[in-house]
Amino acid sequence: MLVDDNAAIAKLEAGEWWQGSLIHRSCIAGRAEHHPDCEWWVVASQACNIYNCDFQSIPVVELVGASVITELGECSKGGHPREIDLSAKGAGGELLIKAESQKRIWIPRRLLVDLEAPRFRVQNIRTLPFTYQTQWLDKFSSWLARGYTRVALPDAFNLAMGRSQIRDVLETRLAKKKHDDLYGIFMTITGNDQDDSEGELGVLKPPYDLGVLIACYENADPQPILAQLKKQLFKDQIKDPESSDGSLTLTRAALSKRLGVRIIEADLEVRPISDIYLSELLGPNTVRYNMVDHHSDSNESHH
């Protein structure tokens, strides 16, 4: 490493540049003219790339554009695939921004050396008891990663989940209303042609068997969550879409089975994260529930 490279790294460290650091558009004038509505730019590159001593191998850093907002909205939960509301902290207080994944630029890494230290940063705010609500940097990095890791599920599966209203139960009634209690929702999906799928969930053929594992935080009681889920899937009645006069009803689980997705009460679990093994979540047919992340469905426009 050259002497000037050493000096550059030292200046980056002195400026405390990290993933989540904010850069005002006035500092990179001429490099973001295609996105005039982005007043701020959030550093998306990880620290290992920012501080790497090899400027030839890693000459640039990635930035995600953001605009100032007055209050945090639904996107602050990190579920939208293209937008996320974030809180950034600095000496000047709190700055609320909306970052957009479609607005990205790359700037020379050495440019950071000549910039003033970041005035605001997206960072995790630790609280007791723990809450994911204030883990802003984790939300930001997870949101970036999900843009590349969403699993493509079969259209027939997505269609059945939507029409049976199970998607509504998991997304609206559970994932959103109990968001602060939940670490994640994991689905295990097996299909009729399991041996022929070669591990690709997107090409599985119906009918499907569905298992759901809900991981909650330690301060949440899993039993009421499980009881609510069982009630909504196996007891509550909804209108039968095949009833001509709308007088017939059935459960969501019954309608789902008719549409090709079978689920039984024994395959629903709610457990605290301390009672879940990592190996359970890494099975070849287990995926983290991401329909709240607006998975596409080629047959329906509803999300």
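Reference entry: report on the structure contained in this document. Just so it is clear, the model here is predicted, and its values are computed rather than measured.

### A short note on helix α7 (residues 222–234)
At step 1: Helix length check: α7 (13 residues) gives 18 Å between terminal C-alpha atoms against 18 Å at 1.5 Å per residue, within 8%.
At step 2: Those residues of α7 not exposed but buried are P222, I225, L226, L229, Q232, L233 and F234. Along the axis of α7, the buried positions cluster into a sector of 165°, meaning they face one direction only.
At step 3: Its side-chain oxygen at 3.1 Å from the backbone nitrogen of Q223, D221 defines the N-terminal cap of α7.

### Quick notes on the pairing of strand β8 (residues 208–216)
The two faces of a sheet get side chains in turn, since along a regular strand they alternate between them.
At step 1: Counting buried positions over the nine residues of β8 gives eight, a clear majority of the element.
At step 2: Pairing of β8 with strand β12 (residues 268–272), which is carried by five bridges, proceeds in the parallel orientation. Bridging across to β12, A215 finds its partner in R271.

### Some details on the environment of A91
At step 1: Examined against the element boundaries, A91 turns out to sit in the loop between β4 (83–90) and β5 (93–108).
At step 2: Taking the relative accessible area as the measure of exposure, A91 reaches 88% and is therefore exposed.
At step 3: C-alpha separation for the pair A91 and F120, spaced 29 residues apart in sequence, amounts to 7.5 Å.

### A short note on the packing of aromatic side chains
At step 1: Throughout the structure, instances matching the rule amount to six aromatic pairs.
At step 2: Both rings, one in W40 and one in F120, keep their centres 5.6 Å apart while their planes meet at 85°; by these two values the pair is edge-to-face. Placement of the pair is W40 in strand β2 (residues 40–43) and F120 in strand β6 (residues 120–122), with a sequence separation of 80 residues. Across the pair, F120 and W40 agree in class, each one buried.

### Focus on the pairing of β5
At step 1: Bridge count between strand β3 (residues 60–68) and β5: eight bridges; the pairing is antiparallel. Bridge pairing in β5 places L63 opposite I105.
At step 2: Both β4 and β5 contribute to a ladder of eight bridges, which runs antiparallel. The residue bridging S87 from the neighbouring strand is L96, located in β5.
At step 3: Taking the residues between adjacent antiparallel strands as the criterion, β4 and β5 are bridged by two residues.

### What to know about the pattern of salt bridges
At step 1: Per the counting criterion, the structure on display carries 16 salt bridges.
At step 2: The salt bridge partner of R121 is E16, with a shortest N-O separation of 3.7 Å. Highlighted residues: R121 in strand β6 and E16 in the loop between α1 (3–15) and β1 (22–24), separated in sequence by 105 residues.
At step 3: What makes E16 partly exposed here is its relative accessible area of 43%.
At step 4: For the salt bridge of D37 with K103, the shortest nitrogen-to-oxygen distance reads 2.4 Å. Here the residue D37 occupies a position in the loop between β1 and β2, and K103 occupies one in strand β5, the gap between them amounting to 66 residues.

Procedures and definitions
Residues numbered from 1 in each chain as written. Predicted model: local features only at pLDDT ≥ 70, side-chain atom pairs only at ≥ 80, totals over all residues. Heavy atoms only, no water. Helix = DSSP H or I, 4+ residues; strand = E, 2+ residues; numbered from the N terminus. Expected span 1.5 Å × (residues − 1). Buried < 20%, exposed > 50% of the residue type's maximum accessible area, 1.4 Å probe, protein only. Arc of directions from axis to C-beta. Polar contact = N/O pair within 3.5 Å; in protein donor to acceptor, adjacent residues only side chain to side chain. Pairing = 2+ DSSP bridges. Phe/Tyr/Trp six-rings, centres within 6.5 Å; stacked < 30°, edge-to-face > 60°. Salt bridge = Lys/Arg side-chain N within 4 Å of Asp/Glu carboxyl O.

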